[in-house]
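For reference, the chains in residue letters:
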Amino acid sequence: MTDTSAYTPPKVWKWNAKGGGRFANINRPIAGATHDKELPIGKHPLQLYSMATPNGIKVTILLEELLALGRTGAEYDAHLIKIMEGDQFGSGFVAVNPNSKIPALLDRGTSPPTRVFESGAILFYLAEKFDAFLPKGPAARAECMSWLFWQMGSAPYLGGGFGHFYAYAPQKIEYCIDRFTMEVKRQLDVLDRNLATRRYLCGDEFTIADIANYAWYGSLVLTNLYEAQEFLDVASYTHVVRWASGIHTRSAVQRGRRVNRTWGPTEEQLPERHDASDFG
């Protein structure tokens, strides 16, 4: 085991391809495609390329919520991108998302087709396109966008920081775990204080801000993301738990969580979704 306290950074960093732990095979310091591979195209205008990670389920939850509202134009094909096998580095995927991260959306209902990448951008695009889950008043809309972008800025500390060092790093480094645990607990406190006087993040209305935050913090407090419920004492954030539990019971949310999922109980998996009847 490396003595991390003795590490001195070199003058110029060099990539050690074998030093990345669990994700060494998909992490690299350069962008671009590694192989030629076209993306499949389904029958609907909306083509989603994703996996049921917290960022991935944001979009499938919203699409299922839109369909539940009767927005038939939100019908979609959800194609599985196996990120541990490097599907996100195929040339077709990189053409839709040059950042090689899921989710990525291609709207073939426009001419030319519209690509949208980054989960928050996809939520905003779809909410505007279908006129739902996005407040119209200037103040309410600004509040919604603030909580949406709060989540986008906070998630790297939860996932890439806390999740990586607590659950995935090849070595347990106390300083790193303490640093990111402190930040995640601060984030939970931010949410808890806001939700103490509100049903949803922005008030009485369920919005894309709730969907984005639920995907991460709902998973943290309800489904034991990173197996860290006890470590983070998530039950003490009672308002977050109440809020997440209410969202978790929504039928559209339950469907959205299943899409592009390939792990867990069989009845919770739906690797690809091309029609509402796929849910059985």
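Attention here is on the structure that accompanies the text. All of these numbers come straight from a predicted model, not from anything done at the bench. (Residues numbered from 1 in each chain as written. Predicted model: local features only at pLDDT ≥ 70, side-chain atom pairs only at ≥ 80, totals over all residues. Heavy atoms only, no water.)

Mapped onto the elements, Glu64 comes out in helix α1 (residues 54–68). The spatial distance from the C-alpha of Glu64 to the C-alpha of Tyr76 is 9.4 Å, given a sequence separation of twelve residues. Polar side-chain contacts of Glu64 include one of 2.6 Å to the side chain of Tyr76. (Helix = DSSP H or I, 4+ residues; strand = E, 2+ residues; numbered from the N terminus. Polar contact = N/O pair within 3.5 Å; in protein donor to acceptor, adjacent residues only side chain to side chain.)

This next bit is on the side chain of Thr181. With respect to the helices, strands and loops of the structure, Thr181 is situated in helix α5 (residues 174–195). Other than its neighbours up to four places away in sequence, Thr181 contacts Phe162, Phe231 and Leu232. (Contact = heavy atoms within 4.5 Å.)

Direction vectors running N to C along helix α4 (residues 138–168) and α5 enclose 145 degrees, while the axes themselves pass 9 Å from each other. Taken as a pair, α4 and α5 cross one another with a handedness that is left-handed. Residue-level inspection shows Trp147, Trp150, Ser154, Tyr157, Leu158, Gly161, Phe162, Phe165 and Tyr166 of α4 in contact with α5, the latter providing Cys176, Ile177, Phe180, Thr181, Glu183, Val184, Gln187, Val190, Leu191 and Asn194. The class makeup of the residues in the contact of α4 with α5 is 13 nonpolar, five polar and one charged. (Axes fitted to C-alpha atoms, helices over the stretch in contact; angles between N-to-C directions. Left-handed = near helix turned anticlockwise from the far one by under 90°. Nonpolar A, V, L, I, M, F, W, Y, C, P; charged D, E, K, R; others polar.)

Right, let's get into the nonpolar core. In terms of nonpolar packing, the biggest core is built from 62 residues, with Leu126, Ile208, Leu220 and Trp243 touching the most fellow members. Take this core: its biggest share by element is ten residues, from helix α6 (residues 208–222). Apart from residues lying up to four places away in sequence, Leu220 is in contact with Leu158, Val184, Leu188, Leu225, Gln229, Leu232 and Val234. Of all hydrophobic cores here, the second largest spans ten residues; its members include Tyr49, Met51, Phe93 and Val96. (Core = buried A, V, L, I, M, F, W, Y, C linked by side-chain atoms within 4.5 Å. Buried < 20%, exposed > 50% of the residue type's maximum accessible area, 1.4 Å probe, protein only.)

Among the five residues of strand β2 (residues 76–80), five are classified as buried, and the element is accordingly described as predominantly covered. Burial along β2 is two-sided: Tyr76, Ala78 and Leu80 facing one way and Asp77 and His79 facing the other are all buried. Pairing analysis gives five bridges linking strand β1 (residues 46–50) to β2, with the strands arranged parallel. When the bridges of β2 are listed, Ser50 appears paired with Leu80. Crossover connection from β1 via α1 to parallel β2: handedness right-handed. (Pairing = 2+ DSSP bridges. Right-handed = clockwise from strand over helix to strand, strands pointing away.)

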